[in-house]
Amino acid sequence: MSNDAQSARSLKAQDSAERALIIQSLAQLVEPLASLMPDCEVVVHDLSQVPTTIVAIAGGLTGRKVGDPATDVLLKQLAEGRVRTMVNYSSVLPDGRRIRCATIAVKDSQGEPVAALCINSSVEIWSGLLKICQQMLYGSIDASSESELEVDFDKDLDQNQRYGIGKKTGFETGQISRGTDSAEANSAGEVFVHNLDDLANIVLDRAVASQGVPVELMTKSHKKEVIRQAKEQGFFFLRDAAETLADRLQISRFTVYNYLKEIEETTSVKDKKKQ
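Residues numbered from 1 in each chain as written. Predicted model: local features only at pLDDT ≥ 70, side-chain atom pairs only at ≥ 80, totals over all residues. Heavy atoms only, no water.

Caption draft 1: Structural view of the confidence of the model for the protein. Overall, the prediction assigns the protein a mean pLDDT of 82, with 74% of residues at 70 or greater. Mean pLDDT per element in the protein: helix H5 (residues 143-159) is the minimum at 56, and strand S2 (residues 54-58) is the maximum at 98. Here residues 167-188 scores under 50 on pLDDT; set against residues more than four positions off or in separate chains, the count is 57 contacts. (pLDDT = per-residue confidence, 0-100. Helix = DSSP H or I, 4+ residues; strand = E, 2+ residues; numbered from the N terminus. Contact = heavy atoms within 4.5 Å.)

Here's what the structure looks like:
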């Protein structure tokens, strides 16, 4: 073995050891951090394990467990190749509970994202505490203050867009033919899924619904746009992605790959024009 090959192998081993140490260190933090606040959840995502990235979790806020997938937001960032820190953004769980979220991108010594440390905390207990304080201080609950709290939280959901998190991940068009047409799919903000099928359905349902046309009436351009959006959302990280798209769009897997090639060629031409 040449010296160059030995050096490359040694560097790879060091990188792997560093990543493992980072993940191990973060995993030790989930229980202590989750215990600091009521109704809180702390999660560690190993970004090398896409799509089933959860390797440590404490707290039952979203009901997820080790081995469950990344959220839709994290999957999209992985597809973009730019996992980044996001703080104080908001979401709503399928049962209507409002939560505050923070995602911290943890990097290695080379500046490459290795893991994501996520903290999710319900605000419902604080909302209840506000009502108790009002009752104690003023003898009644100020309905206008409660209304203002709701409005402020809606503004927070709107501000999520600064991180590319839409206010609604569900589909107001009512044109979902199948998949996750559920409270989870219609929740606001980030979607916390429990299995890969749910994640696939949410990403694909969103792309299909965006066209405003039933699959049976879609043209080639509609279907290409669905595939383009699905690709941008990280759909091709998922198992049997091409087969799932082909089945949903009522085309062959061969056609899916042809459309992908056309999309990549168009993107390449646009990128060259920008240079």
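Now that the structure is up, let's keep going.
Caption draft 2: Main features of the packing of aromatic side chains. For the coordinates displayed, the defined rule picks out 1 aromatic pair. Where Phe 235 meets Phe 236, the ring centres are 6.2 Å apart and the plane angle is 90 degrees; that geometry is what we call edge-to-face. Overall, the relative accessible area of 1% leaves Phe 235 in the buried class. On the basis of relative accessible area, Phe 236 is assigned to the partly exposed category, the value being 29%. (Phe/Tyr/Trp six-rings, centres within 6.5 Å; stacked < 30°, edge-to-face > 60°. Buried < 20%, exposed > 50% of the residue type's maximum accessible area, 1.4 Å probe, protein only.)

Caption draft 3: The arrangement of helix H6 (residues 196-209) in detail. Under the 1.5 Å per step criterion, the end-to-end length of H6 is 20 Å for 14 residues, consistent within 8% with the ideal 20 Å. Taken across its 14 residues, H6 has 11 buried, putting it largely inside the fold. Burial in H6 covers these residues: Leu 196, Leu 199, Ala 200, Ile 202, Val 203, Leu 204, Asp 205, Arg 206, Ala 207, Val 208 and Ala 209. Residues of H6 that are buried make contact with helix H3 (72-80), helix H7 (220-232) and helix H8 (241-249). Its side-chain oxygen placed 3.1 Å from the backbone nitrogen of Asp 197, Asn 195 serves as the N-cap of H6. (Expected span 1.5 Å × (residues − 1). Polar contact = N/O pair within 3.5 Å; in protein donor to acceptor, adjacent residues only side chain to side chain.)

Caption draft 4: Here's a closer look at the pattern of salt bridges. Under the definition given, this model contains 13 salt bridges. Across the pair Glu 225 and Arg 228 runs a salt bridge, and its minimum N-O distance is 2.5 Å. Note that Glu 225 and Arg 228 are positioned in helix H7 at a spacing of 3 residues, about one turn of the helix. On the accessibility criterion, Arg 228 (28% relative accessible area) is partly exposed. Salt bridges sharing partners connect three or more residues here, namely Lys 76, Glu 80 and Arg 82. (Salt bridge = Lys/Arg side-chain N within 4 Å of Asp/Glu carboxyl O.)

Caption draft 5: Inspection of the environment of Ser 91 at higher detail. In this fold, Ser 91 is placed in strand S3 (residues 86-92). Taking the relative accessible area as the measure of exposure, Ser 91 reaches 0% and is therefore buried. A sequence separation of 101 residues divides Ser 91 from Phe 192, and the C-alpha atoms of the two residues are 9.9 Å apart. Of note is the side chain of Ser 91, whose polar atom sits 3.0 Å from the backbone oxygen of Glu 190.

Caption draft 6: Broad picture of the sheet that holds strand S5 (residues 113-122). A sheet is described by the order of its strands in space; here 5 strands give the open sequence S2-S1-S5-S4-S3, paired in antiparallel fashion. At either end of the open sheet lies a strand with only one pairing partner, and these are S2 and S3. Shown here is a sheet whose adjacent strand axes are inclined to one another by a mean of 20 degrees, direction ignored. Where strand S1 (residues 40-46) and S2 come together, 4 bridges link them in antiparallel fashion. Within S2, the position partnered with Val 44 by the bridge is Ala 56. (Pairing = 2+ DSSP bridges. Axes fitted to C-alpha atoms, helices over the stretch in contact; angles between N-to-C directions.)

Caption draft 7: Region of interest: a nonpolar patch on the surface. On the surface, Ile 125, Trp 126, Leu 129, Ile 132, Met 136, Leu 137 and Tyr 138 cluster together into a nonpolar patch covering about 840 Å² of accessible area. By the element assignment, Ile 132 lies in helix H4 (residues 124-138). Since its relative accessible area comes to 51%, Ile 132 is described here as exposed. (Patch = residues over 30% accessible without salt bridge, like charges linked within 9 Å, V, L, I, M, F, W, Y side chains within 5 Å. Areas by Shrake-Rupley, 256 points an atom, 1.4 Å probe, with all protein chains shown as cover.)

Caption draft 8: The environment of Ala 58, seen in detail. Tracing the backbone through its elements, the reader meets Ala 58 in strand S2. Judged by relative accessible area, Ala 58 falls into the buried class, the value being 3%. For the pair Ala 58 and Leu 33, spaced 25 residues apart in the sequence, the C-alpha separation amounts to 8.5 Å. With near-sequence residues (within four places) excluded, Ala 58 lies in contact with Val 30, Glu 31, Ala 34, Cys 40, Glu 41 and Val 42.

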